[in-house]
Amino acid sequence: MPPELEQTLSLLSSHRSVLGYLLLSRGHPVCIIRYSGVIFEGEQGKKYASAISKIVESVQAGLEEVNGPDNDGDEVRFMRIRTKRHEIMISPDERYLLAVLHDPAT
Amino acid sequence: MSDKRRAEIEAKRAKLAELRKARADRQRAETERRQSDTGGPSIARRDVDDLVNALVGGLSSTSDVTPSSSLPGTPPRPAPNTLSGYSALSISGRLSRQSDVGSDRPSIGTTLVQSVNSATDHVIERTMIPRFVPDLIDVEQELYELPQRERVIYNKEVQTTAVETESPTFREEDIRQQIQRDLEAERNARDDDLEEESIQLEKEIEQEMRELTEEERASILAAPEFLDFVEQSSKILQRALNDGYDYIRDYTIGADSGGDDSEGKRVKRVCAFYDERYGKNRSVTDVDWSPKYPELSIASYNKNPAALNEPDGIVLVWNLHLLERPEFVFHSQSDVLSVTFSPFHSNLVFGGTYSGQILLWDTRSKHLPVLKTPLSAAGHTHPVYAMQMVGTQNAHNLITSSTDGTVCSWLVDMLAQPQETLELVHAGHNKTGEVAITTLDFPDNETTTFWVGTEEGNVYQANRYDRAGAKAGLNQYDIYKGHSGPVMGLNFHPLVGPVDFSDLFLTSSVDWTVKLWRAKSLAKPSTTAHTIAPIYSFDEADDYVYDVKWHPAHPAMFGTVDGSGKFDLWNLNTDTEVPTVSTNVGSGRAINKLEWDRKDGRRAALGGSDGKLYVYDIGDMGIPRESEWTDMQKAVAGIVGGGQTNGVVDGEATRIVAGR
C-alpha cells in the first residue's frame, strides 16, 4: 500500500462527518478493495457494495437510454444520495468506485 | 470460474428473452383469434352463451362435474364436429403451451437446481386454473357453427331446457372479461415467473461477490490507474464533504440558538490552509488568486531545513472547497519567493526563485515545472522577489526583477532567454550602482513604466523603453525618499470608479510605516536630481509592515499585514490615523503577504511565516457607496493640504531632507 494512498484515504475517513468509505472494484463480481468504518464491516459492507454497484449500473443504463445509441461519451462521475439519516456520495469510474457514507447533520 | 458462471447467466438471460418473445407471439395469436370471433355469426349467440355458461358454471361449482354436465347438453349431431374441432384446437393450444413448458424445462436445468425447481412447482400450481380457460374458448368457437348450419336443431335444443335453465345467464361480454381475466392471470403468473427468475439471477450474482485474494488486492493497489482514481475521486468527495450544507435541513425544527461567536466581528476568518507535509517548517513567501476560478488561491513556500529529501521550493494551489489538502503541488529546486497565476491562461503558474530561475508550472501536468529559465547571465542570477504580468491577452510579458537590479521581460512560452533585459543602476550609489529591487508594480493601464521598491528604502521609477525625454532604465533624477528601511510592498491605486487615483501608490517598509505617495507625472521628466516626499505616513504599526494592498473595489480602502501577525484594514474616508479594523491573525507570527481576491475584494489571502495561508472575509466593508470616490478626493486633498500642519508627515519629510 503506497503511503500517499494511505494518507489520502485516512484523510478522507477522518473527516468530521464521515462514517466510512468503501473502495470497490467494479465489474462482475463486485469486490471490496478496501473499506473503513464499522458500518461497512462484514455482511453489511457486502450489502452496501452490491447495492451501490447496482445503483451506479442502473444510473449508467438510464443515462445510456436517455442519450440513445450514440451515447456521446457521457458517464456517471459523481452521485450523492441523501437519505433521512445519512448521505452516500459515490464517485465511480469504469473500473473502480469510491463511496463515502456520511452524516450531514453532524 | 467466473467466466463460466457469467456464461450461464448470459444463457439464462437469453432464455428470459425467449420466454418473453413466446409470450408476445401468443398474445398476437390471441388477439387475432378474438378478432375472428367478433367477425363470426351472432344469430345463435344466446345459445352459445348458454352452453358456455353451463360449462363455466360447472367449472365454478366443481371442476369434476364440468365434462359430464356439458356432455348431455350437447346435441348428438354436432358432437363429432365439436370433438374434432376441440381436439384440433386443444392441440394447437397445447402446442403453444408445450413450447412454453419446453422452454421452461431447459432453463431449470441450467439454473440452480434446488431453488428453480421450487419456482417451477409454483408455476404449475398457478397455471392449473387458467388451463381450463382455453378449453372454454374452444367449445365456444365450435358451437358458433352449430346453430348456423341447421336451424332445425333449434327445436331439439328446446327440449334440453331443463339443463340450460340451471346455468346462470352470462353475457358474452362477461365471458370475454372472464377470459381476459384468466389470460391476465396467466400473464401475471408468467411475469411472476420471469421476475422470480431475474431475482434468482441477481441473487446468484450477489452470492458471487467474494473476497479478493491477497495477490489480487496487491495488484490493484499497485496499479497506477488505481492511484490516479483514488487521487481524483477522493478530491471530488472531499470537496463535496466540505460543502457542509445539509440539503434537507428542516428549518421548522427549532435549532439551539447559541450565540454566534463571530457576531459583530466584521472581519472573519474563512479558513487556514495548511498541509503538514508541505507546510512544516516553511513560510509562505507569496500568494495570489486565480483569475478564472475565484475559489483557487496559490501560495509559494521557502525551504524546509529539516527535510532534506523534500524539494526546497514548493508551490501549492489551494481550493476553498478542499481544505484538507492542496489541489495541486508544484516543486522547485530552489526556494520560491514570488508566484503568480497567469491572468491569460488559467492553467499556468509562474514562480520566481531564490536562485534566480523563473519557473512555469502547468496544472495539467505533474509536480515539476514544464518550462524554466536557464541559470545564466542572460537571465537572473539573484533572488527574484517581484514579478508581474503586463499586457493583454494577445501581447503580454512577464516582468521579473532580482535584487541585483536586473529586470527581465519574458515571453511566456519562451523562457530560454529573456526578451529584454534591463540593468537598473544608480550612479549615486557608492561602490556598486546596483539597485536591489524588493518589489515592483505597474500602474493600471501602464505597461512600459514601473516603480520599484528597494532595499535601501527609496522608491524609483523606471522605463522599459526609451521614451520622450527619458532613457530606458532607472529614472535617476526622481527619488521617492521616505522610508528608512527596505521597502517590502508597493501597490498602485487600482483604476476603478468615476475618479482616477491611479497616480497614488502605497509602500510598506520594515521601518514600521506605510506611506502614501503621488507618482510624478511622466509628461514632465526631471532633468536634475529631485526628491519626492510621501504625502502621508501611517505610523500605526509597531512592527515591520510586510505588505500593503489597495482594495480592488473600494477606493479609500487598503489592507496591511505586519510582523506581529496583524491584518489591518484602513479606510481613508473614515480615519487616516488608525485602521478601521485590526485583526490578529493566527498565532501572532509574521504575515508576509496580502492579496485581495480578484473579483470584488471580499476575501483576502494572507501568507503567514508559520506556513499557513489564511483567508479572511471582510463582509460588506469592501462594497463602496456612490460617494466614496468624491469623499476620497476630499480625503486626499485634506491629507495633502493638511500635510503642512500634520506634525508626523511634516516631521518625517523634514527629517529626511535634513538627513541628506
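Residues numbered from 1 in each chain as written. Chains lettered and ligands numbered in written order. Predicted model: local features only at pLDDT ≥ 70, side-chain atom pairs only at ≥ 80, totals over all residues. Heavy atoms only, no water.

### Comments concerning the overall build of chain B
Here's step 1: Across its full length, chain B holds 13 helices and 29 strands.
Here's step 2: By residue count, 47% of the 660 residues in chain B fall in the buried class. (Helix = DSSP H or I, 4+ residues; strand = E, 2+ residues; numbered from the N terminus. Buried < 20%, exposed > 50% of the residue type's maximum accessible area, 1.4 Å probe, protein only.)

### What to know about the packing of aromatic side chains
All names here are of chain B.
Here's step 1: In this structure the tally under the stated criterion is 21 aromatic pairs over all chains.
Here's step 2: Ring centres 5.1 Å apart and planes at 40 degrees place the aromatic pair Phe442 and Phe450 in the tilted group. Neither residue differs from the other here; Phe442 and Phe450 are each classed as buried.
Here's step 3: Ring centres 6.1 Å apart and planes at 10 degrees place the aromatic pair Phe505 and Trp517 in the stacked group. In this pair, Phe505 sits in strand S19 (residues 504-509) while Trp517 sits in strand S20 (residues 514-518), placing the two residues 12 residues apart along the sequence. Across the pair, Trp517 and Phe505 agree in class, each one buried.
Here's step 4: Ring pairing ties together the aromatic residues Trp451, Tyr480, Phe492, Phe505 and Trp517, which thus form one cluster.
Here's step 5: Between Lys235 and the ring centre of Phe328, over which it is positioned, the NZ or CZ distance is 5.3 Å.
Here's step 6: Stacked on the ring of Tyr274, the Lys or Arg Lys612 has its end atom at 5.7 Å from the ring centre. (Phe/Tyr/Trp six-rings, centres within 6.5 Å; stacked < 30°, edge-to-face > 60°. Lys NZ or Arg CZ within 6 Å of the ring centre and 35° of its normal.)

### Some thoughts on the interface of chain B and chain A
Here's step 1: Contact with chain B, which involves 32 residues of that partner, is made by 41 residues of chain A.
Here's step 2: Of the roughly 3,400 Å² buried where chain B meets chain A, counting both sides, 70% is carbon and sulfur surface.
Here's step 3: At the boundary of chain B and chain A, one finds two salt bridges.
Here's step 4: Its salt-bridge partner being Asp243(B), residue Arg80(A) comes within 3.8 Å of it at the nearest N-O pair.
Here's step 5: Remark: the boundary between chain B and chain A carries three residue pairs in polar contact (both at pLDDT 80 or more).
Here's step 6: Those elements that place two or more of their residues in the side of chain B that touches chain A are helix H8 (172-208), helix H9 (214-222) and helix H10 (224-243) of chain B. (Contact = heavy atoms within 4.5 Å. Buried area = accessible area lost by both parts, 1.4 Å probe. Salt bridge = Lys/Arg side-chain N within 4 Å of Asp/Glu carboxyl O. Polar contact = N/O pair within 3.5 Å; in protein donor to acceptor, adjacent residues only side chain to side chain.)

### Here we look at the environment of Phe341(B)
Residues and elements named next belong to chain B.
Here's step 1: If you trace the backbone, Phe341 turns up in strand S6 (residues 336-341).
Here's step 2: Note on Phe341: relative accessible area 1%, which makes it buried.
Here's step 3: Excluding residues within four positions of it along the chain, Phe341 makes contact with Asp288, Trp289, Ser290, Pro291, Leu296, Ser297, Ile298, Val317, Ser346, Leu348, Val349 and Arg598.

### Focus: the pattern of salt bridges
All names here are of chain B.
Here's step 1: In the structure shown here, the tally under the stated rule is 19 salt bridges over all chains.
Here's step 2: Close ionic contact of Arg598 with Asp288 constitutes a salt bridge, the shortest N to O distance being 2.9 Å. You can see Arg598 sitting in the loop between strand S27 (591-596) and strand S28 (603-608) and its partner Asp288 sitting in strand S2 (residues 284-289), a full 310 residues away along the chain.
Here's step 3: Residue classification places Arg598 among the partly exposed positions, given a relative accessible area of 38%.
Here's step 4: When the shortest N-O distance is used, the salt bridge between Arg364 and Asp362 registers 2.8 Å.
Here's step 5: For Arg364, a relative accessible area of 62% puts it in the exposed group.

### A few points about the sheet that holds strand S23 (residues 545-550) of chain B
All names here are of chain B.
Here's step 1: Pairing is antiparallel in the open sheet, where four strands are placed in the order S23-S24-S25-S26. Edge strands, defined here as strands with exactly one partner in the open sheet, are S23 and strand S26 (581-584). The mean inter-strand angle of the sheet, taken between neighbouring strand axes irrespective of direction, is 15 degrees.
Here's step 2: The pairing of strand S24 (residues 557-562) with strand S25 (residues 566-571) spans five bridges and is classified as antiparallel. Bridge assignment links Thr560 to a residue of S25, and that residue is Asp568. (Pairing = 2+ DSSP bridges. Axes fitted to C-alpha atoms, helices over the stretch in contact; angles between N-to-C directions.)

### A few points about the confidence of the model for chain A
Here's step 1: Averaged over every residue, the pLDDT of chain A is 86; the share at 70 or more is 99%.
Here's step 2: Within chain A, the element-level pLDDT minimum falls on helix H1 (residues 3-13) of chain A, averaging 86, and the maximum on strand S4 (residues 87-92) of chain A, averaging 92. (pLDDT = per-residue confidence, 0-100.)

### Notes on the side chain of Ser290(B)
All names here are of chain B.
Here's step 1: In this structure, Ser290 sits in the loop between S2 and strand S3 (296-301).
Here's step 2: Here the side chain of Ser290 touches Tyr293 through a polar contact of 3.0 Å, landing on its backbone nitrogen.
Here's step 3: Not counting residues within four places of it along the chain, the set of residues in contact with Ser290 comprises Leu296, Phe341 and Arg598.

### As for H10(B)
All names here are of chain B.
Here's step 1: Compared with the 28 Å implied by 1.5 Å per residue over 20 residues, the 29 Å span of H10 between its first and last C-alpha is a close match.
Here's step 2: Listed as buried for H10 are Phe226, Phe229, Val230, Ser233, Ser234, Lys235, Ile236, Leu237, Gln238, Ala240 and Leu241.
Here's step 3: Two residues or fewer after H10 comes Gly244, characterised by a positive phi angle close to 65 degrees. (Expected span 1.5 Å × (residues − 1).)

### What to know about the sheet that holds strand S18 (residues 487-492) of chain B
The strands making up a sheet associate through backbone hydrogen bonding, with each pair oriented either parallel or antiparallel.
All names here are of chain B.
Here's step 1: The sheet built from four strands is open, its strands ordered S18-S19-S20-S22 with antiparallel pairing. What marks the edges here is a single partner per strand, and that holds for S18 and strand S22 (536-538). For this sheet, the mean inter-axis angle between neighbouring strands, taken without regard to orientation, is 20 degrees.
Here's step 2: Note that S18 and S19 share five bridges and pair antiparallel. Each residue of the ladder has a partner; that of Asn491, found in S19, is Leu506.

### A closer look at H1(A)
Here's step 1: Three or more residues of H1(A) are buried, namely Leu5(A), Thr8(A), Leu9(A) and Leu12(A). Taken end-on, H1(A) shows its buried residues confined to a sector of 90 degrees, consistent with a single buried face. (Arc of directions from axis to C-beta.)

### What about a nonpolar patch on the surface?
Residues and elements named next belong to chain B.
Here's step 1: Judged by side-chain polarity, Tyr245, Tyr247, Ile248 and Tyr251 come together as a nonpolar surface patch covering roughly 460 Å² of accessible area.
Here's step 2: Following the sequence through the fold, Tyr251 ends up in the loop between H10 and strand S1 (268-273).
Here's step 3: A relative accessible area of 59% means that Tyr251 is categorised as exposed. (Patch = residues over 30% accessible without salt bridge, like charges linked within 9 Å, V, L, I, M, F, W, Y side chains within 5 Å. Areas by Shrake-Rupley, 256 points an atom, 1.4 Å probe, with all protein chains shown as cover.)

### Re the pairing of strand S14 (residues 437-441) of chain B
All names here are of chain B.
Here's step 1: The element S14 is extensively covered by neighbouring structure, given that five of its five residues are classed as buried.
Here's step 2: Two elements, S14 and strand S15 (residues 449-454), share four bridges in a ladder whose sense is antiparallel. Its bridge partner being in S15, Ile437 is matched across the sheet by Thr454.

### Some remarks on the confidence of the model for chain B
Residue and element names in this part refer to chain B.
Here's step 1: Mean pLDDT over chain B stands at 77; residues scoring 70 or higher make up 70%.
Here's step 2: This stretch, residues 39-43, has a pLDDT under 50; its non-local contacts, to residues over four places away or in other chains, come to four contacts.
Here's step 3: Taken as a whole, residues 60-125 scores under 50 in pLDDT and shows 52 contacts with residues more than four places along the chain or in a different chain.
Here's step 4: The ipTM assigned to the predicted complex is 0.88, against a pTM of 0.65.

### Quick notes on the nonpolar core
Here's step 1: By size, the foremost hydrophobic cluster in this structure holds 22 residues, and its most contacted members are Leu23(A), Ile33(A) and Phe226(B).
Here's step 2: Among the elements of the structure, H1, strand S1 (18-25), strand S2 (31-35) and strand S5 (96-102) of chain A together with H9 and H10 of chain B are those that each provide at least two residues to this core.
Here's step 3: When residues of this core are assigned to their parent elements, the largest contribution, six residues, is made by H10(B).
Here's step 4: In this structure Ile33(A) touches Leu23(A), Leu24(A), Ser25(A), Tyr96(A), Leu212(B), Arg217(B), Ile220(B), Leu221(B) and Phe226(B), once residues within four positions along its chain are discounted.
Here's step 5: Ranked by size, the runner-up nonpolar core spans 21 residues in total, among them Val514(B), Ile535(B), Trp550(B) and Leu572(B). (Core = buried A, V, L, I, M, F, W, Y, C linked by side-chain atoms within 4.5 Å.)

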